[in-house]
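Coordinate analysis (summary)
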Amino acid sequence: MIENSTLVLFGAKGNLSRVKLIPGLFHLDESGQLPEGMKILSVGRQSSTQGEWENEIKSMLDKKFKKGYCKETFKKFIARNLYHANLPDDPDAFKKFASRLKESNKFAQNLAFFLSVRPTDFALIVDQLADENLLDQSSGWKRVLIEKPFGTNLESAIQLQQSIAKHLNEDQIYRIDHYLGKSALQNILVTRFANSILEPLWNNEHIDHIQITNHEMLGVGDRTTFYDATGALRDMIQSHLLQMMALTTMEKPESFSPNHIRDEKIKLLESIRPIKDGEFSSHAFRAQYAAGEIHGEGKVNGYLSELENEDSITETYAAVKIFIDNPRWKGVPIYLRTAKRLHESGTNISVKFKNTCSLIGDSNNWFIFNIQPGESSTIVLTTKTPGLDDQELRLTKLEGSNRIDGDESIDAYEILMLDLLNGNQSRFLHIDEVKAQWSFVDPIINYWTQNKEKLHQYISGSADPESSKVIFEDPSQFWR
Ligand code: BG6
């Protein structure tokens, strides 16, 4: 059970807080996960009275829970929610905030700070918390959760780390990657290590290649400024896709304790082979969506016209090839790809096994972790089509849902907020993971930045661009 504590939400009026954090906390309260005396102090840069904040919470919940929600829980939830305006033009804003938070008769002094703010504010806020003595653990534990992205490249990640490490120990820093809160990702290690039909085959002797895919039908929406400075490689591959790869390929941890899991992920990420000069065009591919049609949305604009800047070379499609330099994975290409505005949305990890029988032409044998939509495991087998033709083969798909009626449905952010309050860091990133992830993507970004050619355009609503296949190691490989 969580110790009595106070959750302080910086950026409480932002989109993440409205859509995920406040509704998530309500859901946790409804299921009895939050301690009785726990308060949620939301901090924003605009002033709001307590009454206005309560109305805002109500409208967030109305939007999220369209079928309604329990009125009793709502009363209890409202009573634990308070608002504090940290006005940007007030030089004493943090002093006032600190003296309010230090009222120990109102707020438990175990403090969890959730920083859902502009990345440029992370270090500043931590400095100010430290100046006001709010990170001193003599009155209770103090933890800081930092939203993604942790830096925009290796250098800035190291700078941010140096800055916050002046005030915080590693065990107080919770670097979030919300994919690690998805139950389908938590299932990867269990499926790999609890089922003895998989582990003996999980290596370069049997596996041809691995594809880790995240496709979205959505475009960049109203995040054009953020997205144009970021691009698909930094936005998705540097974080979520490399984490999925680490879980899929890491060695068995000594135990499922947070430190053992993180140690193995770090080892794996640090074994990624750096791409050499001259290899970039065969290891990384980028493209941008053009106007087209998306199922359910109709006609949509291309990225450049949404951005109103025809010169942007920011990618909305990125695919990379990775090799891991360790005995298990030597020689096995791992393809990571992500895109906005494709014909379908879906995230999965597809593991292709080698052809083993020369008597049967091209066999197709896969193990697939379907992450979303729908959490399932699929085995694809090559089988004989019944009938007279001995040569006719087809694919048999064995698909099992990892969810059954009655299973709990908990959003990734809910799990991660509980972890933060419980002091469990296993689903958060160690600084060495962040560094290894930037070390892999930085050279690709540098190569792309120097090359100012117009990007390949793919029509919104289409499948992967044909030219993305340039990264395949073998002509028999294809996108699943
Ligand atoms: C975020 C990215 O981290 O993850 C977004 O910034 C992306 O661009 C999102 O759409 C995808 O998350 P999910 O949970 O919807 O798959």
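Given the structure is predicted, the values throughout are model-derived calculations rather than measurements.

Calculation criteria
Residues numbered from 1 in each chain as written. Predicted model: local features only at pLDDT ≥ 70, side-chain atom pairs only at ≥ 80, totals over all residues. Heavy atoms only, no water. UniProt positions renumbered as here; feature names shortened; annotations may be inferred. 1 Å grid on protein atoms, 1.4 Å probe; cavity = no way out; pocket = protein on both sides within 12 Å on 5 of 7 lines; lining within 4 Å. Helix = DSSP H or I, 4+ residues; strand = E, 2+ residues; numbered from the N terminus. Contact = heavy atoms within 4.5 Å. Pairing = 2+ DSSP bridges. Axes fitted to C-alpha atoms, helices over the stretch in contact; angles between N-to-C directions. Points joined across faces, edges and corners; volume = space filled by probe spheres on them. Nonpolar A, V, L, I, M, F, W, Y, C, P; charged D, E, K, R; others polar. Salt bridge = Lys/Arg side-chain N within 4 Å of Asp/Glu carboxyl O. Buried < 20%, exposed > 50% of the residue type's maximum accessible area, 1.4 Å probe, protein only. Near = heavy atom within 4 Å. Polar contact = N/O pair within 3.5 Å; in protein donor to acceptor, adjacent residues only side chain to side chain. Areas by Shrake-Rupley, 256 points an atom, 1.4 Å probe, with all protein chains shown as cover.

**Examining the UniProt feature "binding site: NADP(+)" (unreviewed entry) in the protein chain**
- According to UniProt, the positions carrying the feature "binding site: NADP(+)" (unreviewed entry) are Arg45 and Lys148. Looking only at the residues we just named, the largest cavity is lined by Lys148.
- Structurally, the position occupied by arginine 45 is in the loop between strand E2 (39-44) and helix H2 (50-64).
- What arginine 45 contacts, discounting residues up to four positions off in sequence, is Tyr83, Asn86, Leu87, Pro88, Arg118 and Asp121.

**Topic: the sheet that holds strand E5 (residues 142-146)**
- One open sheet accounts for six strands, arranged E3-E2-E1-E4-E5-E6; its pairing is parallel. Across the chains shown, the open sheet's two edge strands, defined by having one partner strand only, are strand E3 (81-85) and strand E6 (173-175). Neighbour-to-neighbour, the strand axes of the sheet open up by a mean angle of 20 degrees, direction not taken into account.
- The pairing of strand E1 (residues 6-10) with strand E4 (residues 111-115) spans five bridges and is parallel. From the neighbouring strand, leucine 7 faces E4, where its bridge partner is alanine 112.

**Description of empty space enclosed by the protein**
- Within the structure shown, the criterion is met by two cavities of 30 Å³ or more.
- Looking at the largest cavity, its volume works out to about 100 Å³.
- The wall of the largest cavity is formed by 14 residues, among which Lys148, Phe150, Ile176, Gln238 and Leu429 lie closest to the centre.
- When contributions to the lining of the largest cavity are tallied by element, the ones reaching two or more residues are helix H8 (224-249) and helix H13 (431-450).
- At three residues, H13 tops the list of elements feeding residues into the lining of the largest cavity.
- The residue makeup of the lining of the largest cavity, split by class, is seven nonpolar, three polar and four charged.
- Its boundaries defined by the atoms lining it, the second largest cavity holds a volume of some 50 Å³.
- Taken together, Arg273, Pro274, Ile275, Glu279, His283, Lys321, Ile322, Phe323 and Phe440 form the lining of the second largest cavity.

**A short note on the side chain of glutamine 238**
- Mapped onto the fold, glutamine 238 is located in helix H8.
- Once you skip the residues sitting within four places of it in the chain, glutamine 238 turns out to touch Leu233, Val434, Gln437, Trp438 and Val441.

**Quick notes on the pattern of salt bridges**
- All told, the structure shown has 27 salt bridges when counted by the stated rule.
- Note that lysine 96 is salt-bridged to aspartate 90, the shortest N-O span being 2.6 Å.
- Of the residues examined, lysine 96 reaches a relative accessible area of 45% and is grouped as partly exposed.
- A salt bridge links arginine 427 to aspartate 419, with the nearest nitrogen and oxygen atoms 2.7 Å apart.
- Through salt bridges with shared partners, a single ionic network connects Lys13, Arg18 and Glu56.

**With respect to the site of the ligand**
- Neighbouring the ligand are Lys148, His178, Tyr179, Lys182, Glu216, Arg223, Asp235, Met236, His240, Lys340 and Gln372.
- Measuring from an oxygen atom of the ligand, one finds a side-chain N or O atom of histidine 240 at 2.7 Å.
- Side-chain polar atom of lysine 340 to an oxygen atom of the ligand: 2.7 Å apart, as the coordinates give it.
- In the complex, 75% of the free accessible area of the ligand, which totals 400 Å², lies under the protein chains.
- If you tally residues by element for the shell around the ligand, the top one is H8, at three residues.
- In terms of residue class, the shell around the ligand is made up of two nonpolar, three polar and six charged.

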